[in-house]
Amino acid sequence: MIETATTAIPSPAPARAEGAAKRLHRAVRRNSLLTPSGMSEYVFSRLFRSLVYAQIWEDPEVDMAALRIAPGNSIVTIASGGCNALSYLVADPARIEAVDLNPAHVAFNRLKLAAAARLPDYETFYRFYGSGDDRRNIAAYRTYLQPHLDAETRAYWEGRTVTGRRRISIFHRRLYRHGLLGGFIGLGHKMARLYGADPRGLLDARTMEDQRRFFDETLAPLFDKRLVRWATGRKSSLFGLGIPPQQYEALSGAGGDMATILRQRVEKLACGFPLSENYFAWQAFGRGYGPGDEAPLPPYLARQNHEIIRERASRISIANTSLTEFLAAKTAGSVDRFILLDAQDWMTDGQLNALWAEITRSAAPGARVIFRTAPAESLLPGRLDNALLDRWAYHEAESRALHERDRSSIYGGFHLYVLKDQAA
């Protein structure tokens, strides 16, 4: 069992950091550095070692509807920003084991777990992760969190960036404007303002009709601008979304040019759900969660769930490794639920088959696997060995229905697979 952020964790040897870099290299880089594709992969792998997601961009309510988590379940998930792993605690699983190739995400999750368990009350926790824009957060870090973090995590947060600021300072400098995605969203706002449009205007809408009108009149025309079409036609332009070169190719190959595809995704984000229910829209168009007690929030941040999250935070662990390597060390038949996010979009056929071999071996009876993809279709048929694929039932109709409910709106498809009963 990997120790959690609320336990003392020994500092790793220097070789561990090198191992993390090599794992990320294997996940992303496929071509020679001397080729355009290889250079693009190299740039992305370097960027992906820093904080990418301060908030995860997969809808946890959709996840939990698909997973049907039962008390006592064992869950393995990719960590990302950690919002969903914490939110799953509401369903009372026995344990949640989160993994991530990015060491910055590991440090981010370990701090979040410590905060959930150690901050004294909901108001302090919300100030830290809801608003993320208060100098009192730094005092709270020193008083309540620093003494309970492992040396590696402390070194990360108390280390300085190239600008000279300590990394922990993002919690009093508008947390959700940081990370690679936060910077990308900020750049999108600046580009929109160049054309006289302010995306924040969407948040003044009072009805879904108002949301539709604002999108049609203000946001949609931006995707026809020459600069926007030029920028989105380059793989590197979407690195800020955490989209590696391989995923860009899968997305752009789904039909239509990239500007058109992004327009469709933004349209669903802006118009598909009431603003009173969609915190992803607030993050995209307002660069933070909404104001007031009635603002939509991820489950882990909701006041009514705070004591549950606090009491169960110790059930989560976080490891800096690949999902395949992590599962290879698991006992056969020991995992009930798997959350892969969109990681498979990055993978070669060999990596995909290695992952699913370990998923199938470690899956308990009735295990469920969910993942998202850039295009609409599941990527498993035609790529996964039939001997593995035949062990799993694809719930296609349920997957499509759940995709329509996904408020984050940035993926083309949501997919649910359930382990078949071998006695059938």
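Residues numbered from 1 in each chain as written. Predicted model: local features only at pLDDT ≥ 70, side-chain atom pairs only at ≥ 80, totals over all residues. Heavy atoms only, no water.

**Notes on the overall build of the protein chain**
Logical step 1: Of regular secondary structure, the protein chain possesses 19 helices and seven strands.
Logical step 2: Accessible surface, the protein chain: about 17,900 Å² in total, of which carbon and sulfur atoms supply 53%. (Helix = DSSP H or I, 4+ residues; strand = E, 2+ residues; numbered from the N terminus. Areas by Shrake-Rupley, 256 points an atom, 1.4 Å probe, with all protein chains shown as cover.)

**Some remarks on the environment of R173**
Logical step 1: Residue placement: R173 occurs in the loop between α8 (151–158) and α9 (179–194).
Logical step 2: With 41 residues separating them along the chain, R173 and G132 place their C-alpha atoms 7.0 Å apart.

**Some details on the side chain of Q211**
Logical step 1: Topologically, Q211 is positioned in helix α10 (residues 208–219).
Logical step 2: In this structure Q211 touches L202, A205, A270, C271, F273, P274 and L275, once residues within four positions along its chain are discounted. (Contact = heavy atoms within 4.5 Å.)

**Digging into α9**
Logical step 1: Its 16 residues place the ends of α9 23 Å apart at the C-alpha level, agreeing with the 22 Å of an ideal helix rising 1.5 Å per residue.
Logical step 2: Along α9, the residues that are buried comprise L180, L181, G182, I185, G186, H189 and A192.
Logical step 3: Looking one or two residues past α9, G196 carries a phi angle of roughly 80 degrees, positive in sign. (Expected span 1.5 Å × (residues − 1). Buried < 20%, exposed > 50% of the residue type's maximum accessible area, 1.4 Å probe, protein only.)

**Considering the sheet that holds strand β7 (residues 413–419)**
Logical step 1: On the basis of which strands lie adjacent, the open sheet formed by seven strands has the order β3-β2-β1-β4-β5-β7-β6 and mixed pairing. Of all strands in the sheet, those bounded by a partner on one side alone are β3 (316–319) and β6 (392–394). Ignoring strand direction, the axes of neighbouring strands in this sheet form an average angle of 20 degrees.
Logical step 2: Strand direction decides the pairing type here: strand β4 (residues 335–339) and strand β5 (residues 363–373), joined by four bridges, are parallel. What sits directly across from R337, in β5, is R368.
Logical step 3: In the packing of helix α3 (residues 60–67) onto the sheet, contacts are made with β4, β5 and β7, and the angle to β5 comes to roughly 150 degrees. (Pairing = 2+ DSSP bridges. Axes fitted to C-alpha atoms, helices over the stretch in contact; angles between N-to-C directions.)

**Focus on the pattern of salt bridges**
Two side chains that carry opposite charge are able to pair once their charged atoms sit near each other.
Logical step 1: Tallied over the entire structure, the rule returns 23 salt bridges.
Logical step 2: The salt bridge involving E97 is made with K330; its shortest N-O contact spans 2.6 Å. Taken together, the positions of E97 in strand β2 (residues 95–99) and K330 in the loop between α16 (323–328) and β4 put the pair 233 residues apart, joining distant regions of the chain.
Logical step 3: Since its relative accessible area comes to 13%, K330 is described here as buried.
Logical step 4: Taken together, the salt bridges that share partners define one network made up of R212, D216, R263 and E267. (Salt bridge = Lys/Arg side-chain N within 4 Å of Asp/Glu carboxyl O.)

**Comments concerning a nonpolar patch on the surface**
Logical step 1: Nonpolar side chains collect at one region of the surface, where L194, Y195, L227 and W230 lie side by side and expose about 430 Å² of accessible area between them.
Logical step 2: Of note, L194 is situated in helix α9.
Logical step 3: By relative accessible area, L194 is classed as exposed at 67%. (Patch = residues over 30% accessible without salt bridge, like charges linked within 9 Å, V, L, I, M, F, W, Y side chains within 5 Å.)

**Description of helix α6 (residues 122–131)**
Structural remark: α-helix, 3.6 residues per turn; residues separated by three or four positions point the same way.
Logical step 1: Of all ten residues in α6, seven are buried, a share of seventy percent or more.
Logical step 2: All of the buried residues along α6 are Y122, T124, F125, R127, F128, Y129 and G130.
Logical step 3: The secondary structure elements touched by the buried residues of α6 are α5 (103–118), α7 (136–145) and α15 (306–312).
Logical step 4: Looking one or two places after α6, you find G132, whose phi comes out positive at around 55 degrees.

**Looking at the packing of aromatic side chains**
Logical step 1: Tallied over the entire structure, the rule returns 19 aromatic pairs.
Logical step 2: For the pair W57 and F280, a centre-to-centre distance of 5.4 Å together with 55 degrees between the ring planes defines the contact as tilted. In this pair, W57 sits in the loop between α2 (36–47) and α3 while F280 sits in helix α14 (residues 279–286), placing the two residues 223 residues apart along the sequence.
Logical step 3: With 5.8 Å between their ring centres and 15 degrees between their planes, F371 and Y417 make a pair best called stacked. Of this pair, F371 sits in strand β5 while Y417 sits in strand β7, and the two are 46 residues apart along the sequence. A single burial state applies to F371 and to Y417, both of which are buried.
Logical step 4: Put simply, the rings of F108, F125, F128, Y129, Y156, W157, F171 and Y300 pair up and form one aromatic cluster.
Logical step 5: The residue whose ring lies beneath R167 is Y156, and the NZ or CZ to ring-centre distance is 4.5 Å. (Phe/Tyr/Trp six-rings, centres within 6.5 Å; stacked < 30°, edge-to-face > 60°. Lys NZ or Arg CZ within 6 Å of the ring centre and 35° of its normal.)

**Remarks on the packing of α5 against α6**
Logical step 1: In the contact formed by α5 and α6, the axes pass within 10 Å of each other and the chain directions differ by 155 degrees. Judged by the inter-axis angle, α5 sits roughly antiparallel to α6. Within the contact between the two elements, α5 uses F108, L111, K112, A115 and A116 and α6 uses F125, F128 and Y129. (Parallel < 35°, antiparallel > 145°, perpendicular 65-115°, else oblique.)

**A short note on the confidence of the model for the protein chain**
Logical step 1: For the protein chain, the average pLDDT comes to 88, and 83% of its residues sit at 70 or higher.
Logical step 2: Throughout residues 1–18 the model reports pLDDT below 50, and contacts reaching past four residues in sequence, or to other chains, amount to 37 contacts. (pLDDT = per-residue confidence, 0-100.)

**Regarding the nonpolar core**
A general feature of soluble globular proteins is that nonpolar side chains tend to end up buried together.
Logical step 1: The biggest cluster of nonpolar side chains holds 111 residues, and the ones touching the most others in it are L111, Y129, W157, F171 and W356.
Logical step 2: Looking at this core element by element, the count peaks at nine residues for α5. (Core = buried A, V, L, I, M, F, W, Y, C linked by side-chain atoms within 4.5 Å.)

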